[in-house]
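Letter by letter, the chains look like this.
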Amino acid sequence: MFIDHAKKNEFGDITWYPSRHTAVYRYDNRVPLSTPGDGVFDFLGFQANNILVSKSTRATEKAAENSRNVNGKCTMAATFLGYKKLIANGLKRDGLIFTGYPVIGNQGKMQTSGSCLYSAAIRIDSSCAWDPRINGLFFYESTAIFPATKFGEFIRDVQRLRDIKSENFCGVDIYNGFLIRFIKASQAYLGQSEDSIVVDFNYYRADDPLTPRLNQDVWEEVEQMAFFKYGAKPHWAKNRNSAFLNVQQKYHNLNKFLAVKKQLDPQNMFSSEWSDEIFYGKEAVKSDGCALEGQCICSDDRHCSPLKGYFCRQGLVYTEAKVCRYSSTTSIA
C-alpha cells in the first residue's frame, strides 16, 4: 500500500500513529494553474501557539514522565490526534479555516508550511512551541532513510514491539507519530542511490541530559532496529550521534564528498568536533549515562542510569539491540 501511495501521489505521505492503530494518508498532487483556490497548509506543529498552551503542554508531559504515567501520555495523544483531525492538521481553504476537502492552493502556500516564524513581533503572548525562551516543547527527532525494499519489514518489527504494550508508543503520538515520506534516487554524493522511504519520529527529551525517559528502551530499540538491523541511513541533521555509527559504509560516495569539502573549505571553517564525529561515524568515549542522550550504545549498566532504575538490557524484538530499560526490582551491587 505504501509503495502504491508513493507512485500515485507526487507529494503524498503517510502519518502512522502506532498507539492509536491509525494511519493517515495524505493525497497531494498538482492540478492545472487555472484551478480556483487559495488554500494554505499551515502545519499545526509550526503554527504560533499561545505561550501558556505550550508551557502547559510541556508541564503535563513532564509530569507524566516523572510519575511514570503511561496512561496520561495516551490521553494526551488521543486528544491531540482528535484535534488534528478536526482542523486537518492545519490545512485551510481560502487561507482562513478548514471547511472540507479538497484544499487547493499555490505551491508556495501548500508545500511550505508553518506560520509561527511570520507572526507579528508585537504579539508577546504567542510563540513557536519550541522557543527556548518559554520552556515549551523539548524533544528529539530521529530520521531514518530506508531502501523501499526493506521498509515493510521494519514496520512489521515496530508493530511487533508495539503489540507487546501499545501504550508504550503513546509518547511518539503526542507529536507526529511516524511521518513516512518518499524520495527519488539521486546521483548527489550524499543523496540516495535508490528510491527510498524516510521515517521521522519525535519523542520527549528531558531537561537534564542525565535524566532517563519513560519508555527510554522503546525508542532506543526502534532507532537501533532502523539503523543497525535494516541499515537505514541517517538524516544528516535530525539524529542523535549513535545513529551515525559506521555511516561511511552506508554512503558510498562519502569520501568523494569529503574530498570536495576539503577542496572548498581547506581551513575547515565549516567543520567542528561534532561534524567530524558525524562524518566519520565514530562512537564517543563511553561514560556514565552516555546512552541517555544517544552519545553511545550501552554495553554496561553505568551507561544508563542504574541509580534511577535504568539498566542496559537487550531489545525485546530486535534482541541484538542494547537499550536502557527501567526495572523496579533490579538492584545494583
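Residues numbered from 1 in each chain as written. Predicted model: local features only at pLDDT ≥ 70, side-chain atom pairs only at ≥ 80, totals over all residues. Heavy atoms only, no water.

Caption draft 1: Representation of a nonpolar patch on the surface within the structure. Taken together, Y189, V260 and L264 make up a surface patch of nonpolar side chains, about 300 Å² in accessible area. Tracing the chain through its elements places Y189 in the loop between β8 (178-183) and β9 (196-204). On the basis of relative accessibility, which here comes to 37%, the residue Y189 falls in the partly exposed class. (Patch = residues over 30% accessible without salt bridge, like charges linked within 9 Å, V, L, I, M, F, W, Y side chains within 5 Å. Areas by Shrake-Rupley, 256 points an atom, 1.4 Å probe, with all protein chains shown as cover. Salt bridge = Lys/Arg side-chain N within 4 Å of Asp/Glu carboxyl O. Helix = DSSP H or I, 4+ residues; strand = E, 2+ residues; numbered from the N terminus. Buried < 20%, exposed > 50% of the residue type's maximum accessible area, 1.4 Å probe, protein only.)

Caption draft 2: The arrangement of the UniProt feature "domain: L-gulonolactone oxidase 2-like C-terminal" (unreviewed entry) in the protein chain in detail. Look at the UniProt record and you will see "domain: L-gulonolactone oxidase 2-like C-terminal" (unreviewed entry) annotated at residues 288-326. Within the segment residues 288-326, helix and strand shares are 0% and 26% respectively, and the terminal C-alpha atoms sit 16 Å apart. (UniProt positions renumbered as here; feature names shortened; annotations may be inferred.)

Caption draft 3: Representation of the side chain of S127 in the model. Counting through the fold element by element, S127 comes out in strand β6 (residues 126-127). A polar atom in the side chain of S127 sits 2.9 Å from the side chain of D131. When near neighbours in sequence (up to four residues on either side) are disregarded, S127 contacts Q47, A48, N49, I51 and I134. (Polar contact = N/O pair within 3.5 Å; in protein donor to acceptor, adjacent residues only side chain to side chain. Contact = heavy atoms within 4.5 Å.)

Caption draft 4: Summary view of the packing of aromatic side chains. Applying the stated rule across the entire model yields 23 aromatic pairs. Consider the rings of W236 and F279, whose centres lie 5.2 Å apart with planes at 45°: the pair is tilted. Highlighted residues: W236 in the loop between β10 (233-234) and α8 (254-264) and F279 in helix α9 (residues 273-280), separated in sequence by 43 residues. Given a relative accessible area of 14%, F279 falls into the buried group. What links up through ring pairs into an aromatic cluster is the set W16, Y140, F169, F178, F201, Y203 and W219. One Lys or Arg, K233, reaches over the ring of Y251 and ends 5.0 Å from the middle of that ring. Above the face of the Y140 ring, R240 is positioned so that its terminal group lies 5.0 Å from the ring centre. (Phe/Tyr/Trp six-rings, centres within 6.5 Å; stacked < 30°, edge-to-face > 60°. Lys NZ or Arg CZ within 6 Å of the ring centre and 35° of its normal.)

Caption draft 5: Local environment of the sheet that holds β10. Read from one edge of the open sheet, six strands run β2-β1-β8-β9-β7-β10, paired in antiparallel fashion. With one partner strand each, in any of the chains shown, β2 (22-26) and β10 form the two edges of the open sheet. Two elements, strand β1 (residues 13-17) and β2, share five bridges in a ladder whose sense is antiparallel. Note on β2: the bridge partner recorded for W16 is A23. (Pairing = 2+ DSSP bridges.)

Caption draft 6: Up close: the side chain of R58. Looking at the secondary structure, you find R58 in helix α2 (residues 51-66). Owing to a relative accessible area of 3%, R58 belongs among the buried residues under this scheme. Residue contacts for R58: discarding those within four places in its chain leaves N135, G136, L137, F138, Y204, R205, A206 and D207.

Caption draft 7: How the structure looks around the environment of A237. The topology assignment puts A237 in the loop between β10 and α8. Taking relative accessible area as the criterion, A237 reaches 65% and is therefore assigned exposed. Counting along the chain gives 126 residues from A237 to Q111, while the straight-line C-alpha distance between them is 20 Å.

Caption draft 8: Here's a closer look at the packing of α2 against helix α3 (residues 70-87). Direction vectors running N to C along α2 and α3 enclose 145°, while the axes themselves pass 9 Å from each other. Seen from α2, the contacting residues are T57, T60, E61, A64 and E65; seen from α3, they are K73, M76 and F80. Class assignment for the residues of the contact of α2 with α3 results in three nonpolar, two polar and three charged. (Axes fitted to C-alpha atoms, helices over the stretch in contact; angles between N-to-C directions. Nonpolar A, V, L, I, M, F, W, Y, C, P; charged D, E, K, R; others polar.)

Caption draft 9: The arrangement of unusual backbone geometry in detail. Residue P102 is reached from Y101 by a cis peptide bond, and omega for that bond is -5°. As for its position among the elements, P102 is in the loop between β5 (91-92) and α4 (107-110). Of note, N135 is a non-glycine position whose phi angle comes to about 55°, a positive value.

Caption draft 10: Molecular detail of the pattern of salt bridges. This structure, assessed with the given rule, holds 24 salt bridges. Here D28 and R26 are joined by a salt bridge, their closest N and O atoms 2.6 Å apart. For D28, a relative accessible area of 12% translates into the label buried. Through salt bridges that share partners, E141, R181, D200 and K238 make up one connected network.

Caption draft 11: The arrangement of α8 in detail. For α8, every residue scored as buried is listed here: L254, L258 and K261. In an axial view of α8, the angular spread of the buried residues amounts to 60°, which keeps them on one side of the axis. Exposed side chains of α8 directed beyond 90 degrees from the buried face belong to N255, Q263 and L264. In this fold, the buried residues of α8 make contact with α9. (Arc of directions from axis to C-beta.)

Caption draft 12: Quick look at empty space enclosed by the protein. For the structure shown, the criterion picks out three cavities of 30 Å³ or more. Space inside the largest cavity adds up to approximately 90 Å³. Lining of the largest cavity is provided by 13 residues; of these, E223, Q224, R240, S242 and I297 occupy positions nearest its centre. Examining the composition of the lining of the largest cavity, we find that five residues originate from one element, helix α7 (residues 216-229), more than from any other. (1 Å grid on protein atoms, 1.4 Å probe; cavity = no way out; pocket = protein on both sides within 12 Å on 5 of 7 lines; lining within 4 Å. Points joined across faces, edges and corners; volume = space filled by probe spheres on them.)

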